[in-house]
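Breakdown of the fold
These are the residues of each chain, in order.
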Amino acid sequence: MQPAAPDPAGAPAEHSPNGRLRLTPALSDAPIVVRARKNGSMSQQNAEDQASDRQAQPSVGSIAAHRPHTVAGGDFEPELPELTSDIDADPDEFEDYSAELPQGRFLDRERSWLAFNERVLELAEDPDTPLLERTNFLAIFASNLDEFFMVRVAGLKRRIATGVATRSASGLQPREVLELIWNRSRELMARHAACYQEDVAPALADEGIHVVRWEELTDKEQSRLFTLFKQQIFPVLTPLAVDPAHPFPYISGLSLNLAVVVRNPVSGHRHFARVKVPPLLSRFLEASPQRYVPIEDVISAPKHLGELFPGMEVLEHHMFRLTRNEDLEVEEDDAENLLKALEKELMRRRFGPPVRLEVEETIDRYVLDLLVRELKISESEVYPLPGPLDLTGLFGISGLDRPELKYPRFIAGTHRDLAEVESASAPDIFAALRERDVLLHHPYDSFSTSVQAFLEQAASDPDVLAIKQTLYRTSGDSPIVDALIDAAESGKQVLVLVEIKARFDEQANIKWARKLEEAGCHVVYGLVGLKTHCKLSLVVRQEGDTLRRYSHVGTGNYHPKTARLYEDLGLLTADSQVGADLSDLFNRLSGYSRRETYRRLLVAPKSLRDGLISRINNEVQHHRAGRPAYVRFKVNSMVDEAVIDAMYRAAQAGVPVDVWVRGICAVRPGVAGLSENIRVRSVLGRFLEHSRVFAFGNGGEPEVWFGSADMMHRNLDRRIEALVRVSDPAHRGALNRLLETGMSDTTASWHLGPDGNWVRHAKDAEGRPLRNVQEMLIDARRRRRGKATP
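Residues numbered from 1 in each chain as written. Predicted model: local features only at pLDDT ≥ 70, side-chain atom pairs only at ≥ 80, totals over all residues. Heavy atoms only, no water.

Some points on the pairing of strand β24 (residues 657-661)
Along a regular strand, successive side chains alternate from one face of the sheet to the other. In terms of residue burial, β24 counts as a mostly covered element, since five of its five residues are buried. Burial along β24 is two-sided: the face carrying Val657, Val659 and Val661 and the face carrying Asp658 and Trp660 are both buried. Bridge count between strand β23 (residues 631-635) and β24: five bridges; the pairing is parallel. Counted as the bridge partner of Val635 is Val661 from β24. This β-α-β element, β23 to helix α17 (residues 641-652) to β24, shows right-handed connectivity. Of the pairings in the sheet, the one linking β24 to strand β26 (residues 678-682) comprises four bridges and is parallel in character. (Buried < 20%, exposed > 50% of the residue type's maximum accessible area, 1.4 Å probe, protein only. Helix = DSSP H or I, 4+ residues; strand = E, 2+ residues; numbered from the N terminus. Pairing = 2+ DSSP bridges. Right-handed = clockwise from strand over helix to strand, strands pointing away.)

See below:
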């Protein structure tokens, strides 16, 4: 047996005879010790995550079976039973397998996030991806990395500086993690720049879309841009000198800046000055139709810089860009007004310490040394790159109206259970929900004709008495907010729980909170110390002598724009159990209720983790009894050690475990004696895979949940999250088929190996493209409407 090199993110490893990775100590012969499981959290939360368990990820968005299991018939549910625990069985009946698990069983989360962004980059590098979509993925990669440095890297540096950082669950010391990030991100940023310079930009030029530098412009184009410079750019520029009378200026985060060296022709002295590129102007200016030039090239053109420094000799200029810590730290207590505290902290955000300096690779050493010294940044945090810097500006190019260079246009249709019976009238959603539950799958099912229409109908219906709503993120011109305002102004009782601490949407959420308050809505901000991340809506309607509750539980934000780009699930229902659960939960969020048990919900932070772990453990009992057993999770991030350990122990017992994850994953699959029965897949594409689904074989009576929670410490310990149990057998079957397809070897996806590396599987052995789950779902909707693609 040849020993393998130690994994940089874990413990020493060796290979078993079948080629599987084996962690030492091996577990294949280890006895399993069984003890009674105790109530309470099973979180193995370390100091790093107590300080800040953050994640940044904008971006990207898989259906026949590989291990078929029977989907059983429906559950019998009485109208409204007595309230019982949201863990179906007595927790003490579940076994907790306390056999020693090996060190190094968790992959490093920061390395895993960088691997996620590498998958985004691979889509940009793929020549089979439509050209403007490749451009878009380049911009997404850059935007993702900006947020990663602003939040994760900044938080790690802060914890190191304050002495609270400890060894991560992967076994790495904080400094090792930081160096891993620096080295890996440097490689990825260089690869990103090369993809743009050597591949995408030339391909755009072949299609008549030219992104050029100043010297490549024609005289006519330069003359036109000089006029633009004089009229719209020059008036807002402010050159700032650096000398004994002028201290080095403050450099705001993510701003583009010109470092200019000038010389006084009289004294011969050289001087340094900084010119900030106005952030409100377009990143790429149109010199002529389909020909674009970076705005900094227009500002730094010789004739233009001379206008900024009249009488001085401009010797050289270089672009640089600084990333700062822009995460928020708000102390909450019962006496302080959270809204005012957050507004104050938003002002401080601009002055966070620097965490990354991007410079053009041609920068003069003297200028670079000055920047490093004045910005108090280390050489390890300097990233020399070919220009232009800040390729998030490519969002503007990718948005050009060239449909032949994009994914084929898809317009979501109305869900078939909500479709109009008569074209002259809008569907009655309440009547539809009295007939059956409606399982929504966005963006394949229209958000505007389902969730949005549900709230708009509630707002205008004179029989609706109350609407209760959570808002985590929404758009600036949100019809959801408008519907809630209309409802309040018509005399309905409207409760809106606005999460004003939703990262990078804080300012927008403060604005809408105030607007809702002014309209007469009851606006609350949730529970002290917890973010409200659940996606819930409750409508109370008078129907004869009774009140009926209509509910929506979803996995995505009430954001009409992102609903067209994010893959999410939602349940619209008139089920009395769900309605009672939402009433209890809203009362907890707005009042002083200590309710912790629900009928069809699992709710964090009290019981969601325990509820899932109990069900994972239960699959072991089913498997040992010879009954159907499996565990299938679809999440954005899979980090929580307690849940992962439960999966490891289930896999050791022989239960097949599938994890479909978009971003971070700390699970190490395929390890001999530990995780041979675990598979991990990732699907990225035109839509951002955002839904969270949890399915269990349950001895032949499949159990499926979905909701807002990812498997991260922040979701399970520091947020209000909710999962709803799916009762309709057809809906359970559909969700299980979706999970099976996403995990199938015939579906295009990335496969995670035991070494932490992801391998893309996009073609079969004959070189034919594998099935794209998103395109399959699009085509299924088109077929339903008689518009299937050839």
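So, the packing of aromatic side chains
When we look at a pair of aromatic rings, we describe it by the centre distance and by the angle of the planes. Counted according to the given criterion, the structure contains 13 aromatic pairs. Between Trp113 and Phe148, the aromatic rings sit 4.3 Å apart at their centres with planes inclined by 5°, giving stacked as the arrangement. With a gap of 35 residues between them, Trp113 in helix α2 (residues 109-125) and Phe148 in helix α3 (residues 131-162) connect regions that are remote in the sequence. This pair shows no difference in class: Trp113 is buried, exactly as Phe148 is. For the pair Phe248 and Phe272, a centre-to-centre distance of 6.0 Å together with 20° between the ring planes defines the contact as stacked. Here Phe248 is found in the loop between β6 (240-242) and β7 (256-263), whereas its partner Phe272 is found in strand β8 (residues 270-276), with 24 residues between them in sequence. Each member of the pair, Phe248 together with Phe272, is buried. Each member of the aromatic cluster is reached from another via a ring pair, and the members are Trp113, Phe116, Phe148, Phe149 and Tyr383. For the cation-ring pair, Arg186 lies above Tyr383, with the distance from its terminal atom to the ring centre recorded as 4.4 Å. Looking at Lys303, its charged tip hangs above the ring of Phe226, at a distance of 3.9 Å from the centre. (Phe/Tyr/Trp six-rings, centres within 6.5 Å; stacked < 30°, edge-to-face > 60°. Lys NZ or Arg CZ within 6 Å of the ring centre and 35° of its normal.)

Digging into empty space enclosed by the protein
Approximately 180 Å³ is the volume attributed to the largest cavity. Taken together, 17 residues line the largest cavity, and the ones lying closest to its centre are Met189, His192, Glu358, Leu385 and Leu391. Looking at the lining of the largest cavity, the element that brings in the most residues is α3, giving four residues. A breakdown of the residues in the lining of the largest cavity according to their chemical character gives ten nonpolar, two polar and five charged. (1 Å grid on protein atoms, 1.4 Å probe; cavity = no way out; pocket = protein on both sides within 12 Å on 5 of 7 lines; lining within 4 Å. Points joined across faces, edges and corners; volume = space filled by probe spheres on them. Nonpolar A, V, L, I, M, F, W, Y, C, P; charged D, E, K, R; others polar.)

Focus: the confidence of the model for the protein
Interpreting fine coordinate detail is not advised for predicted regions of low pLDDT. Per-chain confidence: the protein averages 84 in pLDDT, with 81% of residues scoring 70 or above. In this model, residues 1-12 is a region of pLDDT below 50 whose contacts with residues beyond four sequence positions or in other chains number 27 contacts. In the predicted structure, residues 25-98 sits below a pLDDT of 50 and forms 248 contacts with residues beyond four places in sequence or in another chain. (pLDDT = per-residue confidence, 0-100. Contact = heavy atoms within 4.5 Å.)

Some details on the sheet that holds β7
Taken together, six strands build an open sheet; the order of strands is β6-β8-β7-β11-β12-β13 and the sheet is mixed. Each edge of the open sheet carries a strand with a single partner, namely β6 and β13 (382-385). Along the sheet, successive strands turn relative to each other by an average axial angle of 30°, direction set aside. Two strands pair when backbone bridges link them, and strand β11 (residues 313-324) and strand β12 (residues 354-360) are joined in this way by five bridges, in the antiparallel orientation. Its bridge partner lying in β12, Phe320 is registered against Val359. Contacts between helix α4 (residues 174-206) and the sheet are confined to β12 and β13, with β13 contributing the most and set at about 15° to the helix. Along the sheet, helix α9 (residues 365-375) contacts β7, β8, β11, β12 and β13; its crossing angle with β12, the most-contacted strand, is approximately 170°. (Axes fitted to C-alpha atoms, helices over the stretch in contact; angles between N-to-C directions.)

Observations concerning the nonpolar core
Of all hydrophobic cores here, the largest spans 121 residues; its most connected members are Ile397, Phe633, Met638 and Met711. Of all hydrophobic cores here, the second largest spans 42 residues; its members include Leu439, Leu495, Ala722 and Leu777. (Core = buried A, V, L, I, M, F, W, Y, C linked by side-chain atoms within 4.5 Å.)

Some details on the side chain of Ser478
Locating Ser478 in the fold gives a position in the loop between β15 (464-471) and α13 (479-489). Overall, Ser478 belongs to the buried group, its relative accessible area being 0%. At a separation of 3.0 Å, a polar atom in the side chain of Ser478 contacts the main-chain amide nitrogen of Ile480. At 3.3 Å, the side chain of Ser478 forms a polar contact with the backbone nitrogen of Val481. Among all residues touching Ser478, those that are not within four sequence positions of it are Tyr558 and Pro560. (Polar contact = N/O pair within 3.5 Å; in protein donor to acceptor, adjacent residues only side chain to side chain.)

As for a negative patch on the surface
A surface patch of negative charge is lined by Glu456, Asp482, Asp486 and Glu489. Looking at which element gives the most residues to the negative patch, the answer is α13, with three residues. The exposure class assigned to Asp486 is partly exposed, which follows from its relative accessible area of 45%. (Patch = residues over 30% accessible without salt bridge, like charges linked within 9 Å, V, L, I, M, F, W, Y side chains within 5 Å. Areas by Shrake-Rupley, 256 points an atom, 1.4 Å probe, with all protein chains shown as cover. Salt bridge = Lys/Arg side-chain N within 4 Å of Asp/Glu carboxyl O. Lys, Arg positive; Asp, Glu negative; His and termini not counted. Charge placed at Lys NZ, Arg CZ, Asp CG, Glu CD.)

Details of the packing of α2 against α4
Direction vectors running N to C along α2 and α4 enclose 5°, while the axes themselves pass 10 Å from each other. Viewed along their axes, α2 and α4 adopt a mutual orientation that is roughly parallel. For the pair α2 and α4, the contacting residues are Glu110, Arg111, Leu114, Glu118, Leu121, Glu122, Ala124 and Glu125 in the first and Val177, Leu180, Ile181, Arg184, Ser185, Leu188, Arg191, His192, Cys195, Asp199 and Val200 in the second. By residue class, the composition of the contact of α2 with α4 is nine nonpolar, two polar and eight charged. (Parallel < 35°, antiparallel > 145°, perpendicular 65-115°, else oblique.)

Observations concerning the sheet that holds strand β9 (residues 284-288)
Pairing is mixed in the open sheet, where three strands are placed in the order β5-β10-β9. The open sheet has two edge strands with one neighbour each: β5 (210-211) and β9. Taken together, the four bridges between β9 and strand β10 (residues 291-294) define a ladder with antiparallel strand orientation. Looking at β10, one finds that Leu285 is bridged to Val293. Contacting β9 and β10, helix α5 (residues 219-233) crosses the sheet at an angle of about 135° to β9.

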